[in-house]
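# Tertiary structure, described
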Amino acid sequence: GAPINPSSIDPLSQHFPLCMRNLQMTLRKNSHLKHFGRLQYTLFLKGIGLTLEDCLIFWRQAFKLITDDTFNKEYRYNIRHAYGDVGGDAIRRGRGYSPFSCQKILTEHPPGSGESHGCPYRHFSVDNLTTLLQTTGVSDRDVLRGVKEDVEKKRFHIACNRVFEWAHKGDIKRVKEDDSWGAAELDTIVHPNTYFKRSYLLKT
Ligand code: SF4
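The structure displayed is predicted, hence computed values, not measured ones.

### Brief notes about the overall build of the protein chain
When helices and strands are counted, the protein chain shows 14 helices and zero strands. Counting from the amino terminus, helix and strand elements in the protein chain follow one another as α-α-α-α-α-α-α-α-α-α-α-α-α-α. The C-alpha atoms of the protein chain give a radius of gyration of 17 Å, which matches the 17 Å a tight globule of 204 residues would have. Counting only C-alpha atoms and orienting by the principal axes, one finds that the protein chain spans roughly 50 × 40 × 30 Å. Within the protein chain, buried positions represent 46% of all 204 residues. Relative to all contacts within the protein chain whose residues are 6 or more apart in sequence, the contacts with residues 24 or more apart total 60%. A total of about 11000 Å² of accessible surface is found on the protein chain, and carbon and sulfur atoms cover 49% of it. Considering the protein chain, the positive charge centre built from 30 side chains and the negative charge centre built from 23 side chains are found 3 Å apart.

Structure, rendered in structure tokens:
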């Protein structure tokens with residue numbers, strides 16, 4: 001597996017789907033994320049294998065503008081809660097919450113102004129989406145046009161898969177040719193953590 005620790009998140013974020021890339025970039029830009037952004041991102045990071053201890057270090061370091069005291073009072077509990085380290089019996093027995101699927105991110109808690117959670121394919125304007133894609137290195141005009149058509153038809157996760165397939169086309173060809181990946185392993189992605197895992201495995 002990937003070496004997952006607080007300092008590997010930035011380099012690994014090249015393998016993150018756009019929703020999580022956006023959260024990571026916004027976090028670096030503002031040294032802060034609002035509640036649902038923290039929750040969506042914490043659970044994703046938990047899903048890629050970041051331990052609770054490392055997750056606390058990650059957020060503490062990222063929130064550069066606040067004191068330890070504020071961090072401990074206002075943020076620590078929710079992170080521990082997401083991991084099932086605190087909370088009611090059911091939460092702790094189930095070890096907290098599962099990382100959100102695309103379905104959940106697409107349909108629940110749409111982001112308001114100043115919030116960065118959600119799915120950029122669903123919640124961004126086409127212009128802002130195109131800019132974000134270009135910022136992350138998606139420059140191909142056909143792909144950008146395809147994404148635009150997908151989102152106009154409200155096929156948001158298809159747009160996401162289109163970008164994945166374009167970004168990994170050489171690697172996908174390779175694993176198909178040498179038969180190391182079957183069709184099932186290349187199914188449509190419907191979970192951000194699948195996106196990460198697949199991207200990471202294809203590149204290594
Ligand atoms: Fe994230 Fe899913 Fe949207 Fe892709 S389709 S950006 S993985 S929520």
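Still more to cover.
### Quick look at the nonpolar core
One finds F16, Y41, W59 and Y121 to be the most contacted residues of the largest nonpolar core, which totals 57 residues. The leading source of residues in this core is helix α4 (residues 52-62), at six residues. Other than its neighbours up to four places away in sequence, Y41 contacts I9, F16, M20, L23, Q24, L27, L33, F58 and W59.

### Observations concerning the site of the ligand
The ligand sits among P17, C19, C102, I105, C119, Y121, H157, C160 and P192. Listing elements by their share of the shell around the ligand, those giving two or more residues are α8 (102-107) and α12 (156-167). By residue class, the composition of the shell around the ligand is eight nonpolar, one polar and no charged.

### Digging into helix α11 (residues 141-152)
With 12 residues, α11 extends 17 Å from end C-alpha to end C-alpha; this agrees with the ideal 16 Å at 1.5 Å per step. Summarising the contacts, the buried residues of α11 are in contact with α9 (120-123), α10 (126-135) and α12. The residue sitting at the N-terminus of α11 and contributing the capping side-chain oxygen is D140; that oxygen lies 2.9 Å from the backbone nitrogen of D142. Backbone geometry just downstream of α11 places K154 in the positive-phi region, at approximately 60 degrees.

### Some remarks on unusual backbone geometry
The backbone of S31 shows a phi angle near 55 degrees, a positive value even though the residue is not glycine. Mapped onto the secondary structure, S31 falls in the loop between α2 (18-30) and α3 (35-48). Positive phi, normally seen in glycine, also occurs at D179, with a value near 65 degrees. Position of D179 relative to the elements: it lies in the loop between α13 (169-177) and α14 (192-203).

### Some details on the side chain of H15
For H15, the location among the structural elements is in the loop between α1 (9-12) and α2. Within the structure, H15 has its side chain in polar contact with the side chain of S199 (distance 2.7 Å). With sequence-adjacent residues up to four places away left out, H15 is seen in contact with Y195, F196, S199, Y200 and K203.

### Topic: the state of the cysteines
The full count for this structure, using the stated rule, is zero disulfides. Counting only cysteine sulfurs, C19 is the nearest neighbor of C55, a cysteine outside any disulfide, at a range of 16 Å.

### Some words on the packing of α3 against α4
When two helices pack together, their arrangement is given by the angle between their axes and by how far apart the axes lie. Taken N-terminus to C-terminus, the directions of α3 and α4 make an angle of 140 degrees; their axes are 11 Å apart at the nearest point. By the angle between their axes, α3 is oblique relative to α4. The handedness of the crossing between α3 and α4 comes out as right-handed. Note on element contacts: α4 touches α3 through C55, F58 and W59, opposite R38, Y41, T42 and L45. Grouping the constituent residues of the contact of α3 with α4 by class yields five nonpolar, one polar and one charged.

### Section: the side chain of Q40
When you line up the elements, Q40 lands in helix α3. Residue Q40 is classed as buried on the basis of its relative accessible area of 4%. Within polar-contact distance, the side chain of Q40 engages the backbone nitrogen of G118 at 2.9 Å. If sequence neighbours within four positions are ignored, Q40 has contacts with C19, M20, L23, F100, I105, H117 and G118.

About the cut-offs
- Residues numbered from 1 in each chain as written.
- Predicted model: local features only at pLDDT ≥ 70, side-chain atom pairs only at ≥ 80, totals over all residues.
- Heavy atoms only, no water.
- Helix = DSSP H or I, 4+ residues; strand = E, 2+ residues; numbered from the N terminus.
- Rg over C-alpha atoms; globule rule 2.2 N^0.38 Å.
- Buried < 20%, exposed > 50% of the residue type's maximum accessible area, 1.4 Å probe, protein only.
- Contact = heavy atoms within 4.5 Å.
- Areas by Shrake-Rupley, 256 points an atom, 1.4 Å probe, with all protein chains shown as cover.
- Lys, Arg positive; Asp, Glu negative; His and termini not counted.
- Charge placed at Lys NZ, Arg CZ, Asp CG, Glu CD.
- Core = buried A, V, L, I, M, F, W, Y, C linked by side-chain atoms within 4.5 Å.
- Near = heavy atom within 4 Å.
- Nonpolar A, V, L, I, M, F, W, Y, C, P; charged D, E, K, R; others polar.
- Expected span 1.5 Å × (residues − 1).
- Polar contact = N/O pair within 3.5 Å; in protein donor to acceptor, adjacent residues only side chain to side chain.
- Disulfide = S-S within 2.5 Å.
- Axes fitted to C-alpha atoms, helices over the stretch in contact; angles between N-to-C directions.
- Parallel < 35°, antiparallel > 145°, perpendicular 65-115°, else oblique.
- Left-handed = near helix turned anticlockwise from the far one by under 90°.

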